[in-house]
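In case you want the letters, here they are:
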Amino acid sequence: MSTATDGHLDVGETSVPFHWLAVAATAVLIWSYLSVLYRVTNVVGGKSDLALLVAGALVAGAVLARKLPAWTAFVVGGGLLVAGLFGYYTTVPGAYLAFSRVGRIVADNVALLTGLSVLQMRGVGTWALGVAPATVFVPWYLVFRRQYGLAAATGGLALGFFVLTGDVGSFATLVGVLGALGVVAFGTMARYGGTVAQLDVLAVAMVLMILLSTTVSLVPGGRASPILPSGGSGGTATGGLVSNDRRVAVQGSIDLSPKVQFVVNADRSSYWRVGAYDRYTGSDWVRTGGNRDYRPRSSPPGEDYRIRQTITVRRDAMKAMPAAWKPVRVVGDDKGNVALSSTGGLVPQRSLGKNESYSVVSRVPATTPRKLRDADTNYPDGLESRYTQLPASTSDRVKRKAAAVTSEAENPYDKAVAVEQWLERNKEYSLEVDKPSGSVADDFVFEMEKGYCVYYATSMVVMLRSQGIPARFVTGYTSGQRVSEDEWVVRGVDSHAWVEVYFPDVGWVRFDPTPGEPRVDAEQQRIETAREDDVSGVDTSGSENGTWTPEPTSTTPSSSTTPTPGENSTTSGSVGDPRVDPNQPNDVVDPGTTNTTTATSVTTTSDEGGGIPVSPPSTEQLLYGGLALFGLLVAARRTGTFERAYRAAWMRWQPRKDPEADVERAFERLERYLAGQHRARRPGETPREYLEALSHVGVDDRAHRVGTLYERARYAGEVSREQADEAVSLVNDLVRGRSRTS
């Protein structure tokens, strides 16, 4: 064994290319964080541009490493990063490059390092293309310069950044960490020499680390705050729509809480809106942009009416401030606890405690179908691109279906109503569903027969966006149970998701594609069951006495063309507050007050087939399985298991060739067998002498017969097919422990 100076370990005629193994480990490390940038560009566009930039950085790193010293990697990489970030900041709204905005740039970068997902950045596509070349070029250049420690450190720094933002999953993080360790380990072996035994031990150790991570997470937290966890046909709710977090992930079956969340005193009913989301990833919703300081806001651009509401919390803690859209002013001393989200919602700076109250004045868009039909499509700068975004994974069949559903509509309003009605009429309402494995909207429109509000709202937004209509996903509560003229009791079952569509000169207008009557039934059944089971917290403020209804009057309805809350439009659906049914229930998980159930779809086995449907393994499961198999193979080679298995098979099974070769192989097997049972043949000892020497320890005449046939084949070269078969059969009997036949 000798160690070559070019980073190869020579073992006989084989060579272990430790340098190239270090290069491969660097590629694995780079992949771990590039997977985040790929996911980003898949959502917002730019995959092909990202591929070109990465390929260019790889080629440049490999070529320049032959010509320039190692320190130039940091100069070139720094220049690439500065240029990329400059390009990003010039595209961010708000004069980001002005000196007065330097503090904001610093604050935004600090936010990224403390858990703000990059998907929440407004111009994340440009940002991803800006940072990709530098993060690829530097470690790739350094590994080709054989600066293995620096390559691992720079790649690990980039990976650590995405760990802090919460965008890289635990599996990719673990693979990246192992890649960095591999760069250092293989680089050390390439520089100072190594052994095959060390390579085996390193491979087994890495595989064991990955397999252990399936039960003990090495990266706490993982992705940033998924509100409704994805995966499987259900799941455990670790967050909730009412918390107004920045990410909403769709899950499977849910069980809603019947407990009271808050009580509203208001002069009119409404949907109590919590948050809106603009970026769709295919599996969840993200609100881009950060929060800003509270200040009174302007009314919607068109006609509106006023709602003043006072909300009193009835749960232990609530991380949201529900209010009718559009909240324009917080009343009283609560302003210091309020921030504004990028989509105009109220965000508490601290959790609201039980019995704590706040008051809000909202200005609600008041419009009519005629006004909405006549609205133009001159959208404000940036609004159309932001609210028509769809991930690259959106299928063409969804776009074709949306075009077919809206084919007879001539304006955005009629298109929205057409999609709303199509979903209401063609999908069944149910809280028990299996979470789709692919795109939520695609699967719900084409593969699923039933779902709840999150599925309906997601599908409607995607279908409208595919037709160029700005729309967004909204969460909050329906109005709840009315218990007096100006009081509504809102429970966990009232949590909801719906759609807002933008109309110039009007603003954001609500549509609700989820069927109302089935939701009412689901809500009432859940509440009645909880009452029968004596669940605490189900009622308050006289809610156990039923819904309050106003006394009938003989007042003639107003002939005004501006609807007021409670009136029904001539079209089905929900346009603004005038089309709200205050008794409709809801179906979005509330983190502190709901329980989730896992729905399993089981088909009974019969003679005609069937059985339990088996989902195909996920990509991570396949990777884990492949790594487990690789680890077992390396461990087996290291412990000699392969060699022992081969010898056992060689002893027990003999393929047939020509008669002479078969006899010689049969004698080799016999000799190996006798060596294990008694002793090996000594140097210079002929086969006949060996067999005769073993006769006194019980070697029977079968062994002597094989020896005779071996001498005939070896020295005379004349054995028949029958004699060869006889020799093989005799050895088979001896090896397998069969007794001698008479």
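Residues numbered from 1 in each chain as written. Predicted model: local features only at pLDDT ≥ 70, side-chain atom pairs only at ≥ 80, totals over all residues. Heavy atoms only, no water.

(A) How the structure looks around the overall build of the protein chain. Within the protein chain, the regular secondary structure consists of 21 helices and 25 strands. Out of the 742 residues belonging to the protein chain, those deemed buried represent 50%. The contacts in the protein chain between residues at least 6 apart in sequence include a share of 75% that link residues at least 24 apart. Here the protein chain displays about 34,300 Å² of accessible surface, and carbon together with sulfur accounts for 53% of that area. (Helix = DSSP H or I, 4+ residues; strand = E, 2+ residues; numbered from the N terminus. Buried < 20%, exposed > 50% of the residue type's maximum accessible area, 1.4 Å probe, protein only. Contact = heavy atoms within 4.5 Å. Areas by Shrake-Rupley, 256 points an atom, 1.4 Å probe, with all protein chains shown as cover.)

(B) Structural view of the nonpolar core. Judged by nonpolar contacts, the single largest core of 53 residues is most densely connected at Val501, Phe503 and Phe511. Of all the elements, helix H14 (residues 453-466) adds the most residues to this core, at 10 residues. (Core = buried A, V, L, I, M, F, W, Y, C linked by side-chain atoms within 4.5 Å.)

(C) Up close: the side chain of Ser359. Turning to its location among the elements, Ser359 is positioned in strand S16 (residues 357-365). In this structure the side chain of Ser359 is engaged in a polar contact, spanning 2.8 Å, whose partner is the side chain of Thr310. Among residues more than four places away in sequence, those in contact with Ser359 are Arg308, Gln309, Thr310, Arg329, Val330, Val331 and Asp334. (Polar contact = N/O pair within 3.5 Å; in protein donor to acceptor, adjacent residues only side chain to side chain.)

(D) Up close: the environment of Val331. Assignment of secondary structure puts Val331 in strand S12 (residues 327-331). Not counting residues within four places of it along the chain, the set of residues in contact with Val331 comprises Arg308, Ser359 and Val361.

(E) Examining the sheet that holds strand S6 (residues 272-277) more closely. Reading across the sheet, the four strands line up as S6-S19-S22-S23 and stay open at both edges, with antiparallel pairing between neighbours. Only two strands of the sheet have a single partner each, and these edge strands are S6 and strand S23 (507-511). Going across the sheet, the axis of each strand differs from the next one's by a mean of 40°, ignoring polarity. Along the sheet, helix H12 (residues 412-426) contacts strand S22 (495-503) and S23; its crossing angle with S23, the most-contacted strand, is approximately 25°. (Pairing = 2+ DSSP bridges. Axes fitted to C-alpha atoms, helices over the stretch in contact; angles between N-to-C directions.)

(F) Layout of the packing of aromatic side chains. Scanning the model with the defined rule gives 20 aromatic pairs in all. With a centroid separation of 4.8 Å and 70° between ring planes, the pair formed by Tyr387 and Trp508 is classed as edge-to-face. One end of the pair, Tyr387, is in helix H10 (residues 383-387); the other, Trp508, is in strand S23, with 121 residues separating them in the sequence. The buried category is assigned to Tyr387, whose relative accessible area is 4%. An aromatic cluster is present here, built from Tyr277, Tyr280, Trp285 and Phe473 joined pairwise through their rings. A cation over a ring is seen here: Lys427 above Phe444, with NZ or CZ 5.5 Å from the ring centre. Its end group placed over the ring of Trp325, Arg472 keeps NZ or CZ at 5.2 Å from the ring centre. (Phe/Tyr/Trp six-rings, centres within 6.5 Å; stacked < 30°, edge-to-face > 60°. Lys NZ or Arg CZ within 6 Å of the ring centre and 35° of its normal.)

(G) Up close: a positive patch on the surface. Taken together, the side chains of Arg306, Arg308, Arg329 and Lys335 make up a positively charged region of the molecular surface. Structurally, Arg308 can be placed in strand S10 (residues 304-313). (Patch = residues over 30% accessible without salt bridge, like charges linked within 9 Å, V, L, I, M, F, W, Y side chains within 5 Å. Salt bridge = Lys/Arg side-chain N within 4 Å of Asp/Glu carboxyl O. Lys, Arg positive; Asp, Glu negative; His and termini not counted. Charge placed at Lys NZ, Arg CZ, Asp CG, Glu CD.)

(H) Looking closely at the packing of helix H1 (residues 18-44) against helix H5 (residues 124-144). At a minimum axis separation of 10 Å, H1 and H5 run at an interaxial angle of 180°. As judged from the angle between their axes, H1 and H5 are roughly antiparallel. (Parallel < 35°, antiparallel > 145°, perpendicular 65-115°, else oblique.)

(I) Quick look at the pattern of salt bridges. For the structure shown, the criterion picks out 23 salt bridges. Of the charged contacts in the structure, one is a salt bridge between Glu500 and Arg273, with a shortest N-O distance of 2.9 Å. Linking Glu500 in strand S22 with Arg273 in strand S6, this pair joins segments that are 227 residues apart in sequence. Comparing Glu500 with Arg273, the two get one shared label, buried. Note that Glu685 is salt-bridged to Arg679, the shortest N-O span being 3.0 Å. Connected through salt bridges with shared partners, the residues Arg491, Glu528, Arg531 and Asp539 form a single ionic network.

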